[in-house]
Amino acid sequence: MPNIVPNIVVDWNSHLYRQFEDERTRPARDLLARIDLETASLAVDLGCGPGNSTELLVTRFPQATVIGLDTSEDMLKSARARLPGCRFEKADIAAWHPGKSPDLIYANASLQWVGDHERLMPRLFSELAPGGVLAFQMPDNREEPSHRLMRETAAEGPWSQIIGDAAAVRLKVLPLAAYYDMLAPGAAAIEIWRTTYHHPMPSAAAIVNWVRGTGLRPFIDPLSEAQQAAFLSDYEKRIGQAYPPHPDGRLILAFPRIFLVARRKT
Ligand SMILES: C[S@@+](CC[C@H](N)C(=O)[O-])C[C@H]1O[C@@H](n2cnc3c(N)ncnc32)[C@H](O)[C@@H]1O
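Every value quoted in this text rests on a predicted model; they were computed, and no experiment measured them.

Caption draft 1: Expanded view of unusual backbone geometry. For Ala109, which is not glycine, the phi dihedral falls at a positive 65°. At Asp116, a position not held by glycine, the phi torsion is positive, near 50°. Here Asp116 lies in the loop between β4 (104-108) and α5 (117-126). Take Asp116: there are 14 C-beta atoms within 10 Å of it, and that puts it in the partly exposed class.

Here's what the structure looks like:
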């Protein structure tokens, strides 16, 4: 069965998202560092968010036309303000086809929101120019306390019916070997790795704020303001128990992510 994401609209908020921009951009840099392209004439940033990942592409490939795509008006507005010289377009990755074949299709922390990877990944790979590179990073944190506790808070509260299966909005990433098998037949080279970042956080509230910008949105968006406050307070208590403070008072948020860089055959 293909892993298909239900069509629930997640309301992205660039202001909340940018609160942890340094931490979120670190994997974008690590992904870019492994891309073995000297130059690019066209690079596309899928799910560009507020333009933090797009900015890295512009710096790395100053001669290239760089296009950022996103479904969120709020994210696109923020990206345009950051990089006025760049092209940002509203587009759904699931339906997107480039007019001209890009040398680089780059997606940092976005493809986990797009379903049916078994079709999506080979299709994106086939859109590349010969010798072009597909590079993506996706969080692999569904089983971390931060995400397990969202599901528990949702299931055990009076809001369980309203929230429904919010966790299904974000795709369960496939085993790494599955991505290898999808892309290997057309690839000259593939590199895949998984890294766990450990972020020191000042408090349980800060962890809640971090995930409010991303994974928590499908859980709290359907709730009224009062229900959101009650949900967040219950969730924060659970987070406090799951992430005990270290001697310096900080909590360590473990955040596993998977990376793939594949170069198309020439
Ligand atoms: C976690 S943010 C990543 C932003 C940025 N790439 C970065 O590196 O921080 C995910 C972005 O993907 C966008 N997104 C989610 N689903 C999408 C889709 N189907 N098509 C286009 N963009 C999508 C969201 O609007 C959001 O801006």
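Now that the structure has been shown, the text picks up again.
Caption draft 2: Up close: the site of the ligand. Every one of the 22 residues lining the ligand counts as a neighbour, but Gly47, Gly49, Ser53, Asn108 and Trp113 are closest to it. Looking at the shell around the ligand residue by residue, the class counts come to 10 nonpolar, nine polar and three charged.

Caption draft 3: Highlighting the sheet that holds β4. One open sheet accounts for seven strands, arranged β3-β2-β1-β4-β5-β7-β6; its pairing is mixed. Looking at strand neighbours, the two that pair on one side only are β3 (87-90) and β6 (187-201), the edges of this open sheet. Averaged over all pairs of adjacent strands, the angle between their axes in this sheet comes to 15°, without regard to strand direction. Pairing geometry for β6 and strand β7 (residues 251-264), over 14 bridges, is antiparallel. Counterpart to Arg194 in the pairing with β7 is Ile258. Each of β6 and β7 touches helix α8 (residues 176-183); the most contacted strand, β6, lies at about 150° to it.

Criteria and cut-off values
- Each residue is numbered by its place in its chain's sequence as written, counting from 1.
- With pLDDT at 70 or above as the cut-off, local features in this predicted model cover only qualifying residues; side-chain atom pairs require 80 or more to be listed or tallied, and sums for whole chains, interfaces and linings still use all residues.
- Under the DSSP-based scheme used, a helix requires at least four consecutive residues in state H or I and a strand at least two consecutive residues in state E, with every element numbered from the N terminus.
- Burial is judged by counting the other C-beta atoms within 10 Å of a residue's own C-beta: 20 or more makes it buried, 12 or fewer makes it exposed, and any count in between marks it as partly exposed, with every C-beta position built from the backbone.
- Residues are classed as near a molecule or strand if the C-beta position derived from their backbone is within 6 Å of it.
- In this classification, the charged set is Asp, Glu, Lys and Arg, the nonpolar set is Ala, Val, Leu, Ile, Met, Phe, Trp, Tyr, Cys and Pro, and all remaining amino acids, among them Gly, are polar.
- Here, a strand pair is defined by DSSP locating no fewer than two bridges between the strands.
- Here an axis means a line fitted to C-alpha atoms, over the contact stretch when the element is a helix, while the angle between two N-to-C directions is reported on a 0 to 180 degree scale.
- The contact criterion used here is simple: two residues whose C-beta atoms, placed from the backbone, lie within 7 Å are in contact.

All quantities given are derived from atomic positions and should not be read as evidence of function.
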